[in-house]
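Chains, contacts and geometry: an overview
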Amino acid sequence: MVVLNDHNKEEFPPAHTAEHLLNQVMVRMFGCERSRNAHIERKKSKISYVLDHKPDRKEEREIEQQMNELIDADLPVTFEFVDRYNIPEGVKLDRLPDDASETIRLVRIGDFDVCPCIGKHVRSTSQIGRFELLGTNWDQDTMNFRIRFKVVQ
């Protein structure tokens, strides 16, 4: 087995794959960046986004609905190894460590999401289970929207 980069955590693959989906849902719904602040666990996860407004209850329900539709769609989760200088359009490398290898592993979830990642994932979205939005918090000063969720298998 080739080790591209050291990895310092052991993910729960269903929740970690849900994190990828949620990042793309938020990017598409709110035009924000992928989260830079996520704590993904087996029992409960939390992830934050910087947004231009506090999402209302309708938008929160839409996040949960989109997540479960994507999970139910049984999208394949695949991996691709690329040279860091031949990255597909739209894939950002700004979060990679300075000492990242020349070869980058991209994780694709159907045609919905692609990003560099060395973590563990499920083989298809139907293996995630049901996405439950447990609650949210809004910090007006930092425009930070925190989502608490779990995946139920």
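The preceding data block contains the structure.
Note that this is a predicted model, so its numbers are computed, not measured.

All right, on to the sheet that holds strand β7 (residues 144-152) then. Spatially, β1-β2-β7-β6 is the arrangement adopted by the 4 strands of the open sheet, whose pairing is antiparallel. Looking at strand neighbours, the two that pair on one side only are β1 (37-39) and β6 (130-139), the edges of this open sheet. Averaged over all adjacent pairs, the angle separating strand axes in this sheet is 20°, with direction ignored. Judged from the 3 bridges that link them, β1 and strand β2 (residues 45-50) form a sheet pairing that is antiparallel. Looking across to β2, one finds that N37 is bridged to S48. Each of β1, β2, β6 and β7 is contacted by helix α1 (residues 13-30), which is oriented at about 140° to β7, the strand it contacts most. With respect to the sheet, helix α2 (residues 57-72) is in contact with β6 and β7, its orientation differing from that of β6 by roughly 150°.

On to the pairing of strand β5 (residues 113-116). Both strand β4 (residues 103-109) and β5 contribute to a ladder of 4 bridges, which runs antiparallel. Residue V107 lies in a different strand from β5, and its bridge partner there is C115. Counting the residues between successive antiparallel strands, the hairpin from β4 to β5 contains 3 residues, one of them, G110, with a positive phi of roughly 50°.

You can see S124 is positioned in the loop between β5 and β6. A residue is classified by how much of its surface remains accessible, and S124, at 14% relative accessible area, is buried. Of the polar contacts made by the side chain of S124, one reaches the side chain of D74; its length is 2.7 Å. Each residue touching S124, except ones within four places of it in the same chain, is listed here: D74, L75, P76 and V77.

The nonpolar side chains of soluble globular proteins are, as a tendency, buried together. Core analysis: the biggest nonpolar cluster contains 32 residues, and L22, M26, I147 and F149 have the highest contact counts within it. Secondary structure elements with two or more residues in this core: α1, β2, α2, β4, β6 and β7. Leave out the neighbours within four places in its chain, and I147 touches L22, M26, S45, K46, I47, Y49, I63, L133, G135 and T136.

One pass over the full model with this rule turns up 8 salt bridges. One salt-bridge network, in which partners are shared between bridges, spans E33, R36, D94 and R95.

Moving on to the side chain of R34. Tracing the chain through its elements places R34 in the loop between α1 and β1. In terms of polar contacts, R34 uses its side chain to reach the side chain of D113, at 2.7 Å. Ignoring any residue separated from it by four or fewer positions in sequence, one finds R34 in contact with H20, N23, Q24, V27, Y49, R95, D113, V114 and C115.

The end-to-end C-alpha distance of α1 is 26 Å, a good match for the 26 Å that 18 residues give at a rise of 1.5 Å each. Most of α1 is tucked away, with 14 of its 18 residues classed as buried. Following α1 by one or two positions, G31 adopts a phi angle in the positive range, close to 65°.

A separate point is the sheet that holds β4. Strands sit in the order β3-β4-β5 across an open sheet of 3 strands; the sheet is antiparallel. At either margin of the open sheet sits one strand with a lone partner, and together these are β3 (77-83) and β5. Each adjacent strand pair in this sheet contributes to an overall mean axis angle of 25°, direction not counted. Where β3 meets β4, 7 bridges bridge the pair, whose relative direction is antiparallel.

What counts, and where the lines are drawn
- Residues numbered from 1 in each chain as written.
- Predicted model: local features only at pLDDT ≥ 70, side-chain atom pairs only at ≥ 80, totals over all residues.
- Heavy atoms only, no water.
- Pairing = 2+ DSSP bridges.
- Helix = DSSP H or I, 4+ residues; strand = E, 2+ residues; numbered from the N terminus.
- Axes fitted to C-alpha atoms, helices over the stretch in contact; angles between N-to-C directions.
- Contact = heavy atoms within 4.5 Å.
- Buried < 20%, exposed > 50% of the residue type's maximum accessible area, 1.4 Å probe, protein only.
- Polar contact = N/O pair within 3.5 Å; in protein donor to acceptor, adjacent residues only side chain to side chain.
- Core = buried A, V, L, I, M, F, W, Y, C linked by side-chain atoms within 4.5 Å.
- Salt bridge = Lys/Arg side-chain N within 4 Å of Asp/Glu carboxyl O.
- Expected span 1.5 Å × (residues − 1).

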